[in-house]
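Here is how the chains run, residue by residue.
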Amino acid sequence: FAALRILGNPVDAIHLSTVVFLRTWCSWMLTCFVSFCPSSATIGISHPDIVVETNTLSSVPPPDVTYTLSIPETTISSGLLSALQLEAIIYACQQHEVILQNKQRAGFLIGDGAGVGKGRTVAGIILENYLKGRKKSLWFSISNDLKFDAERDLKDIDAPNIPVHALNKIKYGDTATSEGVLFATYSALIGESQAGGQHRTRIKQILDWCKPEFDGVIIFDECHKAKNATSTKMGKAVLDLQSKLPLARVVYASATGASEPKNMIYMSRLGIWGEGTPFRAFDDFLHAIEKRGVGAMEIVAMDMKVSGMYIARQLSFSGVSFRVEEIGLDSDFKEVYNKAARLWAEALQVFMHAADELGLVSRKSLWGQFWSSHQRFFKYLCIAAKVRSLVELAQKELEAGKCIVIGLQSTGESRTREVLDENDGHLDRFVSAAEGVFQSLVTKHFPSEKAHSDSHLTNKVFTFIKKNCVWFLTETAFHVDRSGKPKGRQPKIPKHTVDSGGVINISDDSSSDSDGMDTDSNSSPDSLQDNDDVIFVHHTSLQSGGCSTLRVFALKPRVQLIEEMKQGLLNKISVLGKELPLNTLDVLIDKFGGPDKVAEMTGRKGRVVRRPDGSVRYESRAEQGSTIDQINLKEKDRFMTGEKSVAIISEAASSGISLQADRRVKNQKRRVHMTLELPWSADRAIQQFGRTHRSNQVNAPEYIFLISELAGERRFASIVAKRLESLGALTHGDRRATESRDLSKYNFENKYGTKALDKVTKSILGHIENKVPPPKGYPGGNARFFQGMMHVGIICKEPRFGISTEKDCSITKFLNRILGLEVHKQNHLFQYFTDNFDYLIEKDKKEGKYDMGILDLAPGNDEIYEEKQENFLTAGNPQDGQVVLYKISVDRGMPWEEAHAKFLKLSAPDEGFYLSYKLRGNSPCVLLAEQGRGKNFLVYKPNIGKQTQPESLNNLLQRYHKVTPEEAKDSWENQFTFSLKNCSHANWNGKCKKIEEGQECLQGMRLRQYHMLCGALLRVWKRVSDVVSEITSSSILQIVRLKTKQRNKQVGQYTLLPHLGF
């Protein structure tokens, strides 16, 4: 891999963790994947590129092949379908022969990584079924543009005679199409029409075309789009379609098929849950997986492969280079960012004041809009911070003869269109998306009297009663109803309240100046809702006692006050807007020479461009004779032919479009894929990275990750890390494929993040003593922390409870909100949080409570021997499986030769061999000490190898003294030999009480024995965990990976020791 380059100042802890996160992600391929070749299917020629499979998945075999292909020999021998693509086709068709116990046909999941060639594999499955007489197929994907890709894939495998019909071009209710592939988007499943007074739906049209007995293929391409099956109409429609066509041959295809177990709900045809399985319903399956920790995901992936329902390969990253560019912020940008942070803090106070003035009771919608805009605003600033550096880097790469692909998510089109509408379709300047977000929030969502019009207004009534020529004044509360008329009882006449001089002075606030009031006012109560400044006086003559009554209604001047607050905020935003960065996408296109030089593949319909004369205007992206949907394909062709050397892609182009240096295209320059904006999820990240690294490429791409020094950017890295943890399991079958044990440092949305946030807030509020100190150099210490968290709503002031943490302050909310802090405050507060986060993880690791996912059993030089195995058949759905119980022995000792070799590499004065002062039996204990982190030493012993816990030098010197290798050798060799089959007690005392009583004692022994279950574990999981929980009071089974001395690889559940009697 390319060397890591860091720009600017030395990287602090926060920046370094970002770099390590990306470097870790980039290097997982070296240790976690093994070369893949079809193990059961033997036909076809090799794939044109190196393909790999995770160590975990490679440790379990797929089922034997029983299916015979009908695809022509010429297609196979000519390499139109490679061996690994043919293997996927065979297993998919073989699985389709199985009927589940719920009478539905079994489905198949293709989890191949981006670029392996899922399109041709899917086309091959359709061709195979077409040749078997099943002439109709359904193909669902995410974009209508991909219909052309489907046609290309069928043509590439010599099946151009299979027609592809676009559903969006067919009228509702029309089912005249006889055969071929009906291509539709997922959104089409919920399409409806009211034309001609008839209610028609696309899903009914599809079902009518298929007929109830349909047994053809349904392809759910990019099936991750249906992941929220219970919460969206689209997801429910996917489930409904599978239910109503029970005999259909379903194929799920996606590089990110199931980023989390809960997102597998739409995969109802896999037969993992339901009738005839250990899990009655999907919720039972989900609960079992989540309860048993992250290692459970690996077991699911392995079980699926063993059962023949899943295959997952990945293009090798051989030749791909990665580097991280740490972008330092210049002083000018920091100043702008800090000004924006202060203005948002002020806006928060103004919004709260306005809401209080209006007496708003329900504020959920208000704050939802506020914090959503807050997050988007600062995300735009994070991106803008890197634009200048990206352009400079890209120019250097272009000069070196390469071409550029820039990945981002936000186009800023909504703000551009708002400004366009405000100016009657004319635009002569570039627009700031960040300014637009802020302005739109205040303009549309600032608390107003209109928003409060549903509430009755509580005001004051001043009643003046004239009796015997003397005015008496009383005051009461009343309510103004919707018509503006007062409601309430008549006040009682006071006895002694007299206004001297006969002048009536009234005021609605004792602190304001008094105004004289004429009794002949013609104001009407109906006008009160139009102007709160009106004071209405109603004069009544009483029949008894010759009394007159003046009733004065005084309303607070709220409309004017609220409007002034709103306008003042808009004025400040306008001033700040002059310094805010312009829309990133427009600026990038402008910097690279305009639309003629840049291939834009995004979802927006128009853009702001600079004319040759220097003027700026808005133009549509549509070209003559082309719809907006076809523009991205044209732009792709211009990039692939070399007409344009720079491509910018957003999510709209992140699925299906191929931008690699393909052998079949003219532009074969090396692609430099620069990630300006990290996608919001790993699903999207994997899709976008896969655009430039695909099969049949001349050279592999270079990835450049641009990360600014803003700690708030960690928010987006955290989301991606969370998905990558589990993507490795169900996309590639192995969480270690994304180095999960390191990536866990960057996933804060878990129990450790929640606990760390709780510790941070409570320690800042002074509720607890925190062992983790605040970072040094933070101006003002905890007091400033406190103030910063108030500014972004993490800590709030409640009238009844005083100062406390905001209700429902989740880790997600915290990571969102810190974006709004000034740069130095943001970085220090985030560092304080991560220090607490790391502390909690280390604490759990020391106490043995940390879930390691898949654990390498004896990852060092330990020898593992396979002693015994027993095979068990398990009833399954759709077919029986096998579980194997292994008995294994692990030799963890360190021989003298290895210890001495390590000693020769040591150089520190306190490193080396030590003997104990106290004799154990007839000889002292011996160890080797190596300098670790800080003042701690790593300790190695002849019987156990590396000791789990490090030792301080003081502790060592209290019990041991340093010796030469010659003095240590005899003791080392004697203890190494004796501990092979003897415990420490026998070494120290000459005998062991447990052994004498006929029990087993393993303390200090070199040889440790384990029982390990491998194979179709998902089917027996619950039963085994129940048995284990009865014996050990814990149902958690550690998932381990090992390789025996006989070179056999195994992955399974372990720690069932012999004395447990399993």
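- The chain appears in an unreviewed UniProt entry as Protein strawberry notch homolog 2 from Nothobranchius furzeri.
- One UniProt comment on the chain, placed under Subunit (unreviewed entry), says "Interacts with TAL1; this interaction inhibits TAL1 occupancy of the DCSTAMP promoter, leading to the activation of the DCSTAMP promoter by the transcription factor MITF."
- Recorded in UniProt under Sequence similarities (unreviewed entry), the annotation for the chain is "Belongs to the SBNO family."

1. Some thoughts on the packing of aromatic side chains
- All told, the structure shown has 29 aromatic pairs when counted by the stated rule.
- Between Phe351 and Phe370 the ring centres are 5.1 Å apart and the planes differ by 65°, which places this aromatic pair in the edge-to-face class. Remark: Phe370 occurs in helix α12 (residues 364-384) and Phe351 occurs in helix α11 (residues 331-358); sequence separation between them is 19 residues. Each member of the pair, Phe351 together with Phe370, is buried.
- Taken together, a centroid distance of 6.1 Å and an interplanar angle of 45° make the contact between Phe830 and Phe833 tilted. Within this pair, Phe830 and its partner Phe833 are both found in helix α25 (residues 823-846), separated by 3 residues, close to a single helical turn. Here the two residues Phe830 and Phe833 agree in accessibility, since each one is buried.
- Members of the aromatic cluster, each reached through a chain of ring pairs, are Phe333, Tyr337, Trp344, Phe351, Trp367, Phe370, Trp371, Phe377, Phe378, Phe438 and Phe446.
- Residue placement shows Arg202 over the ring face of Tyr172; its charged tip is 4.0 Å from the ring centre.
- Geometry around Trp371 places Arg817 over its ring, the cationic atom sitting 3.6 Å from the centre.

2. Focus: helix α13 (residues 387-399)
- Compared with an ideal rise of 1.5 Å per residue, which puts 13 residues at 18 Å, α13 spans 18 Å between its outermost C-alpha atoms and is within 8% of the ideal.
- Within α13 the residues assigned to the buried category are Val387, Ser389, Leu390, Val391, Leu393, Ala394 and Glu397.
- Two residues or fewer past α13, Gly401 is found with a positive phi of approximately 85°.

3. Observations regarding the pairing of strand β26 (residues 671-675)
- With 5 of 5 residues buried, β26 lies mostly within the body of the structure.
- Where burial is concerned, the two faces of β26 agree: the one with Arg671, His673 and Thr675 and the one with Val672 and Met674 are both buried.

4. Examining the environment of Ile45
- Topologically, Ile45 is positioned in the loop between β1 (33-35) and β2 (51-54).
- When the C-alpha positions of Ile45 and Leu86 are compared, they lie 9.5 Å apart, and in sequence the two are 41 residues distant.
- Contacts of Ile45, omitting those with residues within four sequence positions, involve Ser77, Ser78, Gly79, Ser82 and Ala83.

5. So, the side chain of His828
- Among the secondary structure elements, His828 is positioned in helix α25.
- In this structure the side chain of His828 is engaged in a polar contact, spanning 2.8 Å, whose partner is the backbone oxygen of His824.

6. Observations regarding the environment of Leu706
- Along the chain, Leu706 falls in strand β27 (residues 702-708).
- Leu706 gets classed as buried once you look at its relative accessible area, which sits at 2%.
- Put simply, Leu706 and Leu390 are 316 residues apart on the chain and 7.7 Å apart in space, counted from C-alpha to C-alpha.
- In this structure Leu706 touches Glu325, Ile327, Lys386, Leu390, Leu393, Met674, Thr675 and Leu676, once residues within four positions along its chain are discounted.

Scoring rules and cut-offs
- Residues numbered from 1 in each chain as written.
- Predicted model: local features only at pLDDT ≥ 70, side-chain atom pairs only at ≥ 80, totals over all residues.
- Heavy atoms only, no water.
- UniProt positions renumbered as here; feature names shortened; annotations may be inferred.
- Phe/Tyr/Trp six-rings, centres within 6.5 Å; stacked < 30°, edge-to-face > 60°.
- Helix = DSSP H or I, 4+ residues; strand = E, 2+ residues; numbered from the N terminus.
- Buried < 20%, exposed > 50% of the residue type's maximum accessible area, 1.4 Å probe, protein only.
- Lys NZ or Arg CZ within 6 Å of the ring centre and 35° of its normal.
- Expected span 1.5 Å × (residues − 1).
- Contact = heavy atoms within 4.5 Å.
- Polar contact = N/O pair within 3.5 Å; in protein donor to acceptor, adjacent residues only side chain to side chain.

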